Amino acid sequence: MSAAPELPGVRRVARLSRRALNQALAQRDWRGADAPAIDLRADAYGHGAAAIEAAARAHGASRFTRDGDAPPAEAPSRVIYGFDGGHEPLMTLEGEVIAVKRVPASTPVSYGYTYVTAHESTLALIALGYADGVPRSASNRASVRIGNARGVIAGRIAMDQLVVDLAHSTAAVGDPAVLWNDSGSLAAWCTATGRTADQLTARLGSRVARIWSDE
């Protein structure tokens with residue numbers, strides 16, 4: 001399945017949870033000179049530093065680490081952003097299915113044909129690529145959830161798109177495609193790509209809309 005032309009207006013969204021952020025901030029006291037600084041570097045690791053700072057100040061925080069500052073001696077931000085593996089990540093990264101194709105076994109997929117289907121499969125083309133910050137090291141390794149199914153990224157990730165092998169499951173154009181939304185899936189992406197959670201979120205591009213909700 002080759003890449004389709006880039007489509008304007010497709011969904012590329014980082015959904016961010018105020019509920020998860022406020023729950024994480026409420027777990028400790030941020031007031032006083034001895035309180036740890038909250039790490040706002042890298043635009044708060046892709047979440048939006050202004051939103052993180054506003055929420056932190058509402059919980060009494062007054063100390064922050066910004067770009068150019070020395071790294072904080074204590075790193076509570078791993079908990080705040082859900083990077084520690086034990087707390088809910090703030091971010092759900094979601095693309096959109098823009099094409100679906102049923103193919104026979106032994107079908108080569110994407111550039112260079114580094115992936116070949118093992119059996120008859122459903123391939124879904126997703127409007128997210130390395131220009132959006134999805135690392136190419138996820139090719140043939142990381143998985144994406146579409147509906148109730150999770151499929152592996154099939155072949156090389158292109159600039160604007162990637163392909164998911166859903167095997168015997170189905171998908172439809174317009175379906176959301178979720179790369180990570182919980183500690184397990186974010187950790188799996190870290191393992192698949194060789195990147196840390198903060199590297200994954202901080203390197204997302206400007207085409208990915210950051211949308212906060214109370215959920």
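Residues numbered from 1 in each chain as written. Predicted model: local features only at pLDDT ≥ 70, side-chain atom pairs only at ≥ 80, totals over all residues. Heavy atoms only, no water.

(A) Inspection of the nonpolar core at higher detail. In this structure, I38 and W189 are the most contacted members of the largest nonpolar core, which totals 49 residues. In this structure, I38 is in contact with L25, W30, I52, A56, A61, R63, F64, T65, S77 and I80, ignoring residues within four places of it in sequence. V109, Y115, L123 and L125 belong to the second largest nonpolar core, which has ten residues in total. (Core = buried A, V, L, I, M, F, W, Y, C linked by side-chain atoms within 4.5 Å. Buried < 20%, exposed > 50% of the residue type's maximum accessible area, 1.4 Å probe, protein only. Contact = heavy atoms within 4.5 Å.)

(B) Structural context of the pattern of salt bridges. For the structure on display, the rule yields 13 salt bridges. Here D132 ties to R12 by a salt bridge, and the two come within 3.1 Å at their closest N and O atoms. Of the two residues, D132 sits in the loop between β7 (121–126) and β8 (143–146) while R12 sits in the segment before β1 (13–17), which places them 120 residues apart along the sequence. Its relative accessible area of 0% is what places D132 among the buried residues. With a relative accessible area of 6%, R12 lands in the buried category. Linked through salt bridges whose partners overlap, the residues forming this network are R11, R15, E94 and E96. (Salt bridge = Lys/Arg side-chain N within 4 Å of Asp/Glu carboxyl O. Helix = DSSP H or I, 4+ residues; strand = E, 2+ residues; numbered from the N terminus.)

(C) View of the packing of aromatic side chains. The final tally for this structure, using the stated rule, is four aromatic pairs. On the basis of an interplanar angle of 85° and a centroid distance of 6.4 Å, the ring pair of Y45 and F83 is categorised as edge-to-face. Of this pair, Y45 sits in helix α2 (residues 41–45) while F83 sits in the loop between α4 (77–80) and β4 (91–103); the two residues are 38 residues apart in sequence, bridging distant segments of the chain. Here the aromatic rings of Y81 and F83 are separated by 5.5 Å at their centres, their planes lie at 35°, and the arrangement is tilted. A single burial state applies to Y81 and to F83, both of which are buried. Connected via pairs of aromatic rings, a cluster forms that spans Y45, Y81 and F83. Its end group placed over the ring of W30, R28 keeps NZ or CZ at 5.3 Å from the ring centre. For the cation-ring pair, R136 lies above Y130, with the distance from its terminal atom to the ring centre recorded as 4.2 Å. (Phe/Tyr/Trp six-rings, centres within 6.5 Å; stacked < 30°, edge-to-face > 60°. Lys NZ or Arg CZ within 6 Å of the ring centre and 35° of its normal.)

(D) Structural view of helix α1 (residues 18–25). Of all the residues in α1, the buried ones are A20, L21, A24 and L25. Taken end-on, α1 shows its buried residues confined to a sector of 130°, consistent with a single buried face. The elements touched by buried residues of α1 are β1, β2 (38–39), α3 (49–58), α4 and β12 (209–213). Between the side-chain oxygen at the start of α1 and the backbone nitrogen of R19 there is a gap of 3.4 Å, and the oxygen is on S17. (Arc of directions from axis to C-beta. Polar contact = N/O pair within 3.5 Å; in protein donor to acceptor, adjacent residues only side chain to side chain.)

(E) Summary view of the side chain of T117. One can find T117 in the loop between β6 (115–116) and β7. The buried category is assigned to T117, whose relative accessible area is 2%. In this structure the side chain of T117 is engaged in a polar contact, spanning 2.9 Å, whose partner is the backbone nitrogen of T107. Not counting residues up to four positions away in its chain, the partners in contact with T117 are V103, P104, A105, S106, T107, V109, L123 and D165.

(F) Molecular detail of unusual backbone geometry. Positive phi, close to 50°, is recorded for D43, a residue that is not glycine. Structurally, D43 is set in helix α2. Backbone geometry places S110, a non-glycine residue, at a positive phi of 65°. Here S110 lies in the loop between β5 (108–109) and β6. Classification of S110 as buried rests on a relative accessible area of 10%.

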